[in-house]
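Overview (structure and organization)
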Amino acid sequence: MSSSVTLPADFSNKNLVWIPNEKLALSLALVCGEPDSVGWVDVESIETGERLRISTDDCQKSNTAEYENCENMTIFPCLNEPSILKNLKHRFVSNVFYTYSGQTCIFINPYKHIPIYTDSISKDYQGKKRKEMPPHIFAIADEAYRKMIYEGKGQTILCTGESGAGKTENSKKIIKHLVYVAGNRSGVDSSSTVEQNRIFMDTLENRLIHVNPILEAFGNSKTSKNYNSSRFGKFVKIHFDKNGLILGASIETFLLESSRITNQEQDDRTFHIFYQMIQGLSKSQRDVLFIKDKAVDYEFLKNGCDKIPCVNDADEYRQTLQAMLMMGLNDEQINQIHRIASAILLFGDLNFSQVNKDDDQAALVNKNVADQIADLLGVDAQKLIESILKPKIEVQGSSTHRSQTIDQT
Ligand SMILES: Nc1ncnc2c1ncn2[C@@H]1O[C@H](COP(=O)(O)OP(=O)(O)OP(=O)(O)O)[C@@H](O)[C@H]1O
Ligand SMILES: [Mg+2]
């Protein structure tokens, strides 16, 4: 759509239509006269003044000027795709990124910092009806919160859209607002309880917020569409008491794209944590963990790219580490996570050959890598090798060892 085509300010003609346009996809035109018996009609392009004769099937009615910059598009007399796109674009170029369509809140991602998620803005939206404030994700969160309290029913907010649409970022804003309003809910109990709740909530807020860097380090990766793409689904449940105070929260994750571990497209990476460890750990830490110097040195990582523009993996590693500490993980647990992550990468570097021509049985070429994996995982190296080359299988109730070919290993 052309941003230069806007409705005349005094426009009152209802015969304004969107017509296909090769260059702009859609352009505005005025219908001149009545359609003929086979449904063709004369139109005049608003942009060029050119007269055309087109099928009425290709015309979609436009709304009049009073519907420009509309906050809730369900009031559109003509609720069609061009009118929706025109309105969203008009708002987007005016730096307005949220628009309602009934219960749905549409977000157009500006890919730039927008200062509209502060506590003071949460305060502005707290307890307000939708119509009282401009569209915002905080209004959605606030309405769900109030409905839960007044109707006594659990509420669900679904964030959906294509990769890079802003689901992850908006879901974080929803949590932020819910934590804010629940933490500032006064008049529900004695002041000491409210104060206790505030302290508890502060810890909970910290945990809810600090869990994200961990989830993202282990479950997000760079793709061609989004440098921080979630490669898993997430179901966040926040439990409130009848007064609207937060009792606890849980996060369920599902459908992790684990195949991304072993191979990636040229512009993609695997999960951030691996690059963070390579860049963020000291040489001596990496030596103990058998972590290589560069991502491309790993068989599992060599096909993808290893850097994200404007992202420093070493800094990101420090944030992930900080988040793990905030979540209460101790040094030993963090060490175990490192060891498992390192072992996963090393599995890709195990090389196999065929024992002899007449036998399909694979043999391990680089036992030193298997020794490193066994060390990291705290298992017996020989048993690990056997489980790869001759895994134990159950046949009719008794167990036996099956020979593996190179492809099967
Ligand atoms: N509200 C916002 N304000 C500013 N920038 C944003 C906002 N939401 C998203 N972005 C930008 O867009 C990027 C992609 O957003 P996000 O990761 O939330 O997308 P997504 O829908 O979760 O994608 P995926 O399905 O790939 O996980 C963010 O890294 C950020 O740069
Ligand atoms: Mg995401």
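Here, every reference points to the structure presented above.
Residues numbered from 1 in each chain as written. Chains lettered and ligands numbered in written order. Predicted model: local features only at pLDDT ≥ 70, side-chain atom pairs only at ≥ 80, totals over all residues. Heavy atoms only, no water.

Every protein donor of the magnesium ion (ligand 2) is accounted for by T168 (OG1) and S230 (OG), and the metal-donor separations fall at 2.0 to 2.1 Å. Placement of the pair is T168 in helix α4 (residues 167-183) and S230 in strand β9 (residues 229-230), with a sequence separation of 62 residues. Residue S230 is classed as partly exposed on the basis of its relative accessible area, which comes to 26%. (Donors = N, O, S within 2.8 Å, 3.2 Å for Na, K, Ca; no water. Helix = DSSP H or I, 4+ residues; strand = E, 2+ residues; numbered from the N terminus. Buried < 20%, exposed > 50% of the residue type's maximum accessible area, 1.4 Å probe, protein only.)

Let us now look at the environment of A217. Inspection of the secondary structure puts A217 in helix α5 (residues 191-219). Judged by relative accessible area, which is 1%, A217 ranks as buried. Sequence separation of A217 and H272 is 55 residues, and the distance between their C-alpha atoms is 4.9 Å.

So, about the site of ligand 1. The full set close to ligand 1 counts 19 residues, and N109, S163, K167, T168 and S229 are the nearest of them. G164 is positioned such that a nitrogen or oxygen atom in its backbone is 2.8 Å from an oxygen atom of ligand 1. A distance of 2.7 Å is found between an oxygen atom of ligand 1 and a side-chain nitrogen or oxygen belonging to T168. Protein chains bury 90% of the 630 Å² of accessible surface belonging to ligand 1 in isolation. Every element with two or more residues in the shell around ligand 1 is listed here: α4 and β9. (Near = heavy atom within 4 Å. Polar contact = N/O pair within 3.5 Å; in protein donor to acceptor, adjacent residues only side chain to side chain. Areas by Shrake-Rupley, 256 points an atom, 1.4 Å probe, with all protein chains shown as cover.)

Another aspect to go through is the side chain of Q276. Here Q276 shows up in helix α6 (residues 272-280). For Q276, a relative accessible area of 3% corresponds to the buried category. At 2.7 Å, the side chain of Q276 and the side chain of T320 are in polar contact. With sequence-adjacent residues up to four places away left out, Q276 is seen in contact with A217, L281, D313, E316, Y317 and T320. (Contact = heavy atoms within 4.5 Å.)

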